[in-house]
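Chain by chain, the residues:
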Amino acid sequence: MKAPCFWIVFLTAWSILFINSLDNDHPLKKFTLLMLSLIILGFLLFLLLTSNPFERILPFGALEGADINPVLQDPALAIHPPMLYLGYVGFVISFSFITAYLLNGNFELQWEQDIKNWSLVAWIFLTIGIALGSWWAYYELGWGGYWFWDPVENVALMPWLAATAFMHSLFASSKSNVLKTWTMFLGILIFALSLFGAFIVRSGIIDSVHSFANDPERGLYLLSFSGLITLFSLTIFAYRLPVLNSSKLVVTGSKESFLSMNNILMITSIFSIFLGVTYPLIIESINGEKVSIGPPYYNTIFAPLILIAAIFIMISVDALWQRSLPLRTLFFTIAPPIILSLVSIYFIWRTTSVFSILAYIGIFSGLLILFSYLLRTINNLFNKRFFNKGSAIAHTGLGLLFFAVSMNSILSYEKNLNLAPGQSISVDQSVKEFSFNDIRVFKASNHDVISAEVSLLQDGQEISLNPQKRKYATRGQITSESSIHTTFFKDTYLTIGDQLDNGSWTFSLKINYFIKWIWFSAALMVLGMLLTIFKKKAS
Amino acid sequence: MNQLLRFLIVILPVVVLIFFAKILLIDEDIKFSNFDSKNFPEFQLNDLNGDPVQSESLNGIKILNVWASWCITCLVEHPFLTRLSEQNIQIIGLNYKDSDSKANAWLEKHGNPYLFSIYDPRGDLAFDLGVTGAPESYLIINNQVVSHIQGEMNQRKWQSIFLPLIQQAKQGS
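Residues numbered from 1 in each chain as written. Chains lettered and ligands numbered in written order. Predicted model: local features only at pLDDT ≥ 70, side-chain atom pairs only at ≥ 80, totals over all residues. Heavy atoms only, no water.

Novice: Provide a residue-level description of the sheet that holds strand 10 (residues 505-513) of chain A, including the pertinent values.
Specialist: Residues and elements named next belong to chain A. One open sheet accounts for 4 strands, arranged 1-10-9-8; its pairing is antiparallel. The open sheet has two free edges, formed respectively by strand 1 (413-419) and strand 8 (483-486), since each of these has just one partner strand. Taking each pair of neighbouring strands and ignoring which way they run, the sheet shows an average axis angle of 20°. Note that strand 1 and strand 10 share 7 bridges and pair antiparallel. Among the inter-strand pairings, Leu419 is bridged to a residue of strand 10, identified as Trp505. Against the sheet, helix 5 (residues 112-139) contacts strand 8, strand 9 (490-499) and strand 10, and its axis sits at roughly 50° relative to strand 9. (Pairing = 2+ DSSP bridges. Helix = DSSP H or I, 4+ residues; strand = E, 2+ residues; numbered from the N terminus. Axes fitted to C-alpha atoms, helices over the stretch in contact; angles between N-to-C directions. Contact = heavy atoms within 4.5 Å.)

Novice: Quick one: what's the story with the packing of helix 4 (residues 92-104) of chain A against helix 7 (residues 180-203) of chain A, residue by residue and with numbers?
Specialist: Residues and elements named next belong to chain A. At a closest axis distance of 8 Å, the pairing of helix 4 and helix 7 adopts a crossing angle of 135°. It follows that helix 4 is oblique to helix 7 by the angle criterion. In terms of crossing hand, the pair formed by helix 4 and helix 7 is left-handed. Touching Val92, Phe95, Ile98, Tyr101 and Leu102 of helix 4 are Thr183, Met184, Gly187, Ile188 and Phe191, all from helix 7. (Parallel < 35°, antiparallel > 145°, perpendicular 65-115°, else oblique. Left-handed = near helix turned anticlockwise from the far one by under 90°.)

Novice: Could you give me a rundown of the packing of aromatic side chains, with the residues and numbers involved?
Specialist: Within the structure shown, the criterion is met by 51 aromatic pairs over all chains. Residues Tyr101 of chain A and Phe107 of chain A carry aromatic rings whose centres are separated by 5.5 Å and whose planes lie at 65° to one another, so their mutual orientation is edge-to-face. The class for Tyr101 of chain A is buried, based on a relative accessible area of 3%. Here Phe107 of chain A falls in the partly exposed class, since its relative accessible area comes to 21%. Geometrically, the ring pair formed by Phe19 of chain B and Phe20 of chain B is edge-to-face, given 5.4 Å between the ring centres and 65° between the ring planes. The exposure class of Phe19 of chain B is partly exposed, given its relative accessible area of 21%. Three or more aromatic residues joined by ring pairs form one cluster here, namely Phe6, Trp7, Phe10, Phe43, Phe46, Tyr85, Tyr88, Phe95, Phe191, Tyr221 and Phe225 of chain A. Against the face of Phe31 of chain A rests Lys30 of chain A, its NZ or CZ located 5.7 Å from the ring centre. Taking the ring centre of Phe387 of chain A as reference, the NZ or CZ of Lys389 of chain A above it sits at 5.2 Å. (Phe/Tyr/Trp six-rings, centres within 6.5 Å; stacked < 30°, edge-to-face > 60°. Buried < 20%, exposed > 50% of the residue type's maximum accessible area, 1.4 Å probe, protein only. Lys NZ or Arg CZ within 6 Å of the ring centre and 35° of its normal.)

Novice: Describe the environment of Ile301 of chain A, naming the residues involved and giving the relevant values.
Specialist: By secondary structure assignment, the location of Ile301 of chain A is in helix 10 (residues 295-316). Once the C-alpha coordinates of Ile301 of chain A and Val277 of chain A are considered, the two residues, 24 residues apart in sequence, prove to be 14 Å apart.

Novice: Which residues make up the interface of chain B and chain A, and what values go with them?
Specialist: Bring the parts together and some accessible area is lost; that lost area is often taken as the interface size. Taken together, the 21 residues of chain B in the interface contact 29 residues of chain A. Interface of chain B and chain A: buried area, both sides summed, is about 2200 Å²; carbon and sulfur atoms make up 83% of it. By the criterion of area lost to chain A, the three top residues of chain B are Arg6, Phe20 and Leu24 of chain B, representing 30% of everything that side buries. One can count 0 salt bridges joining chain B with chain A. Counting the contacts that link chain B with chain A gives 2 residue pairs in polar contact (both at pLDDT 80 or more). With 16 residues, the single largest contributor to the side of chain B that touches chain A is helix 1 (residues 2-25) of chain B. Class assignment for the residues of the side of chain B that touches chain A results in 16 nonpolar, 1 polar and 4 charged. (Buried area = accessible area lost by both parts, 1.4 Å probe. Salt bridge = Lys/Arg side-chain N within 4 Å of Asp/Glu carboxyl O. Polar contact = N/O pair within 3.5 Å; in protein donor to acceptor, adjacent residues only side chain to side chain. Nonpolar A, V, L, I, M, F, W, Y, C, P; charged D, E, K, R; others polar.)

Novice: Can you explain the pairing of strand 3 (residues 91-96) of chain B? Please cite residues and give values.
Specialist: Residue and element names in this part refer to chain B. The buried count for strand 3 comes to 6 of 6 residues, which makes it a mostly enclosed element. Side-chain alternation along strand 3 places Ile91, Gly93 and Asn95 on one buried face and Ile92, Leu94 and Tyr96 on a second face that is also buried. Alignment of strand 2 (residues 61-67) against strand 3, held across 5 bridges, turns out to be parallel. When the bridges of strand 3 are listed, Val66 appears paired with Leu94. Running through helix 3 (residues 72-86), the crossover from strand 2 to the neighbouring parallel element strand 3 is right-handed. Where strand 3 and strand 4 (residues 117-120) come together, 4 bridges link them in parallel fashion. Within the sheet, the bridge partner assigned to Gly93 lies in strand 4 and is Ser117. Regarding topology, helix 4 (residues 100-110) serves as the crossover connection from strand 3 to the parallel strand 4, and that connection is right-handed. (Right-handed = clockwise from strand over helix to strand, strands pointing away.)

Here's what the structure looks like:
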């Protein structure tokens, strides 16, 4: 049971670091420590009562370990869960601090600065964790995709969206004293969603590639514990709400106003994902019918949300804190990116001659953000004016993400091929020749390998690929190792399937456009956040 | 308005919590035992003594228990099966992917709760039955596979899944 142990190690580590960063006479230290200790206690009890690591497994001890699942024997996967959990758990700090603030009852205190960098760091870990998980799924699981709207991916995305909304409103509330109540609510929500994620993964109530343990007892404990913690916090929040509601009003047309709009959009997407995750359960509990909610639902919901978000981001690029944006400026801000994006869309349509309304909405949204920040950055550099480089880089990352995901969805394709060793065929315009040269069988440390040697003549270039199948000795599990050739625009992704009766082998050849850009854009977002932290330190 | 908002902030999470608790508390085992009954698959196999098994032996109310000498959880459920057999419940073994010498030695050592055990070294019958692993138990009423229990058989699963069906069958006949 690694997950509860992970939680506890990170929980205590974050707690010690944060508590020691506060002065001893800090008015909130006492209550923060109380909240952190209560949460640690809850998780320690969880470990002790439901997944005691020292308990004997059976009346008869296992003779031999079952070996770690082969698909998990991979470096990216050794880093992905710790990163993800560091992120999830990191938000315990803002959660405890906000609850302490609410308990304390002195609302003259400024609390934003104390947790800002801590939350930024947690956000960075969470982002890296999710991106690594997606990258691992791409090259190791052999599905050739990067995101599957799997329930466990969704429960990681919900805290991420909440955290992103939280960061934004935290900036606003520390800059101009608005949205304070809202920021607090989000701070509580992130941790509640993280706990919900732990509950989903551990209880096994939702079928998913990620749900490892199927144990109602654990689920019930986690549910009641996380419910108690969240309800405690929310009840105090609701109790204090009338006193809190005195912060300043948001000026229409100011940066805060657009930021609040996007906050609403992020909450909408969290709610939509939540509905997508729980809907099958609701239906099943009503009439026993099994339904599944897949990519079409999420794509349809997200396309319009992304477009609206992109428009607000575009407008807010030139907006000012606490001051309304003049209509004239607004026009000059939004006209160039819109025109440039429309022109680019036209060229994309001309060159690819594919059309999909959802994908084009995504491309348009991505381009709007990219062009807005590009023009703004050029303008600022030219006039040697100060601008927030961290924000520019992070938002460029977001624009790039929308663009890459949408381009990937319209351009990528898959071919299933059937070849005997020594055979060679022509696949399409781009892959002129596909030669299956040889197949070799050999032994590695803990698995047997069947390795195919394939050479491709793609776009006038000779590529050699070695997709493998592995059989792991201990579990007898068979895995497929993809072989990937990356160029600037696309990945050539090859996996080997089964051998047919006539001796030929099946191959799946996927051409994935812009896929590496997705992780590059995540890296940009992280870089942007890092810059924000270090800029704060410097000033 | 503000009162309502304060109320909702607390009540909505409570509703969500109750919903999940309710789903969790629906017994997992009962959920999995929703099972369409089907005819027992045809087979030609011997028992562990080497005598061919007659398909008539599956008439009446029988429990078919999938076991193997390599299966550790089978040892865990073994005392419970022995108790069942002492209460005149008829249990037939399906010796799964095992060798007859090891299987017979196992029965010798731990005791034999089975009327007889079908010897299925390649897992052919198990495949037709849809066995997921050992141990697994099937309730067979007059050559019909009516229900099954995955994993270890115990008092709780016996009472919640097999016993009601057996009582129903007895009342019907």
